[in-house]
Amino acid sequence: MLAYTAGDTDVPLLEDTIGANFERIAARFPYHDALIEAAAVPGEEARRWSYSKLNDDVDRLARALLALGVAKGERIGIWSPNCAEWTILQYATAKAGAILVNVNPAYRSHELEFVVKQNGMRMLVTAPSDRNSDYTAMGRQALASCPELRELVFLPDAGADGLTAGEPQSKAERTYAELLKRADDVGHSALQARMAELDAHDPINLQYTSGTTGFPKGATLTHHNILNNGYSIGELLDYTEHDRVVIPVPFYHCFGMVIGNLAALSHGAATILPGRAFTPAAALEAVQDFGGTSLYGVPTMFIAELALPDFASYDLSTLRTGVMAGSLCPIEVMNRVITEMNMSDVAICYGMTETSPVSTMTRSVDTMAQRTVTVGRTMPNLESRVVDPATGEVLERGAIGELCTRGYAVMRGYWDQPDKTAEAIDADGWMHTGDLARMDEEGYLVIEGRIKDMVIRGGENVYPREIEEFLYTHPDIQDVQVIGVPDAKYGEELMACIILKPGAGPLDAASLAEFCRGKLAHYKIPRYVDVRESFPMTVSGKIRKVDMRREAAARLGL
Ligand code: AMP
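Keep in mind the model is a prediction, meaning the values are calculated, not measured. (Residues numbered from 1 in each chain as written. Predicted model: local features only at pLDDT ≥ 70, side-chain atom pairs only at ≥ 80, totals over all residues. Heavy atoms only, no water.)

**Topic: the packing of aromatic side chains**
- One pass over the structure, following the stated rule, counts seven aromatic pairs.
- Judged by centre distance (6.3 Å) and plane angle (80°), the rings of Tyr 4 and Trp 430 are edge-to-face. Within this pair, whereas Tyr 4 is found in strand β1 (residues 4–6), its partner Trp 430 is found in the loop between α14 (418–424) and β21 (431–439), the two being separated by 426 residues in sequence.
- Since its relative accessible area comes to 2%, Trp 430 is described here as buried.
- Put simply, the rings of Phe 22, Tyr 51 and Tyr 91 pair up and form one aromatic cluster. (Phe/Tyr/Trp six-rings, centres within 6.5 Å; stacked < 30°, edge-to-face > 60°. Helix = DSSP H or I, 4+ residues; strand = E, 2+ residues; numbered from the N terminus. Buried < 20%, exposed > 50% of the residue type's maximum accessible area, 1.4 Å probe, protein only.)

So, in structure tokens, the structure goes:
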């Protein structure tokens, strides 16, 4: 049987714009919680929005944007860690028809300016500066060097320690509060008229993909792309107005703003923000304090939560479901999340920014093996297939090849880069993911890793995932990544980069080899062991294997 599946087609796609969909839900559940931001300072009150209040605040900001003359399709950037205003701007730009550009909060001035120029951004909304990033100064620098950037808006510091909100120094700069005042100049009817001009197939969001190599590319996504993807995820998680979704993953990435905001807010559920940056304790506290029913994370976040010394003291009894996604989800970790965190219905989602993002997902009715080993099956209204990366031919089930996705969720293209778009999306509309996968007889997909992370040792293809899964069963290992390093004899050799459990060890290559002997083929046993405190990560929680390979090669003098 060929490695092709189509998802269910009996669930119709929404034809709404994001703004219209949100208004419909807000009218149904006006007094339900929509957004809760945990207090940044212990003892302070959380900030809370009901659906009706959130809709009012969204409208106010959207009217302020119209007052400044923001036209349909203009680009407005948000450069901030998670905060309530992020969500408000997401929906306000959607109502005003401006394209929201998610700017990675870890970017520095050079990367910021690249993104601002690449899409001709008109307005940039920046976070208050913190110890690590002087957003105000870098925003000003962009204002000075990017002629198309006309307005810089400073988000408030909300009284949090260590944050400094920008203070306007020129006409191009204004605080968020000053921006909101402009709403008085525009009536509600003008906003309704703008919303009526919008089409669900208009681009509404631009996300620069983390791309570990080369310049970032702006995946251009429409209302239709991301609203339907978010809605569909919420349906498969059985979200209702009684759910409370804890979102410690970044908004600048689809995981936060689509799998989080759009999935929850298209179902009347509440979104709960534990804080600006991820800490395992804040995530679990948010579940406990606000009765979270669903918790999100990339695998390393769940690993860190489970490793908290006081893990057992958190009340996680309200949890029911959640999402693990973003990189390979170790089976052991999935099992622990299900049994120890009460997340009996947790799902693995697989996808990429270019597919809005989720293209396959596990379902709560799947077997335990399907829910932990595979990334599930194709989402409704999408198609998946596995092809030979060299010839593009569809492979048989069970064979490893490149996973491709087709359907409503595939992006419009990379902003202003038709050549790069054509490299990624073929003439038949298939998005080539760059991921290696195999499809089983029942249509479930197993991800084997990125094509470029595959190690070729002495002519044998080695898939790091298989070895990582095995090493997770070692009693001393908390987290592990396997990479290839250059080798004169074999071309590449394997290195296991390991984070030990507290108090465990020492562990060296010889003792690890002993553990593997008889259980793994000799060519899969890591030659090198690198015990470390952490892995280099992108803000969206992806481990930078490219950097790890470079560092390891340099350290070994290879
Ligand atoms: P991004 O566009 O930043 O979301 O990155 C997408 C990439 O993340 C995919 O191409 C995969 O390599 C990886 N990824 C996302 N979800 C999963 C998952 N559940 N299992 C394995 N890899 C994943």
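On we go.
**Here's the deal with helix α11 (residues 299–306)**
- Of all eight residues in α11, seven are buried, a share of seventy percent or more.
- Buried residues of α11: Pro 299, Thr 300, Met 301, Phe 302, Ile 303, Glu 305 and Leu 306, and no others.
- Contacts from the buried residues of α11 go to α10 (280–290), β13 (294–297), β14 (321–324), α12 (331–340) and β25 (477–487). (Contact = heavy atoms within 4.5 Å.)

**Here we look at helix α3 (residues 84–96)**
- With 13 residues, α3 extends 18 Å between its outermost C-alpha atoms, agreeing within 8% with the 18 Å of an ideal straight helix rising 1.5 Å per residue.
- Most of α3 is tucked away, with 13 of its 13 residues classed as buried.
- Phi turns positive one or two residues past the end of α3, at Gly 97, with a value near 80°. (Expected span 1.5 Å × (residues − 1).)

**Thoughts on the sheet that holds strand β8 (residues 173–175)**
- In spatial order, the strands read β8-β7-β6-β4-β5-β9-β10-β20; together these eight strands make up an open sheet with mixed pairing. Taken across any chain shown, the strands that pair with only one partner, and hence form the sheet edges, are β8 and β20 (413–414).
- Relative to strand β9 (residues 203–208), strand β5 (residues 99–102) is paired through three bridges, and the arrangement is parallel. Paired with Val 101 across the two strands is Leu 206, which belongs to β9. (Pairing = 2+ DSSP bridges.)

**Some points on the site of the ligand**
- Residues in contact with the ligand amount to 17 residues; listed here are only the nearest, Cys 349, Thr 353, Asp 435, Arg 450 and Lys 542.
- One of the side-chain N or O atoms of His 253 is found 2.9 Å from an oxygen atom in the ligand.
- Contact between the ligand and Ser 327: a nitrogen atom at 3.4 Å from a main-chain N or O atom of the residue.
- In isolation the ligand has 500 Å² of accessible area, and contact with the protein removes 92% of it.
- Ranked by residues supplied to the shell around the ligand, first place goes to strand β15 (residues 347–351) with four residues.
- For the shell around the ligand, the per-class residue count stands at eight nonpolar, six polar and three charged. (Near = heavy atom within 4 Å. Polar contact = N/O pair within 3.5 Å; in protein donor to acceptor, adjacent residues only side chain to side chain. Areas by Shrake-Rupley, 256 points an atom, 1.4 Å probe, with all protein chains shown as cover. Nonpolar A, V, L, I, M, F, W, Y, C, P; charged D, E, K, R; others polar.)

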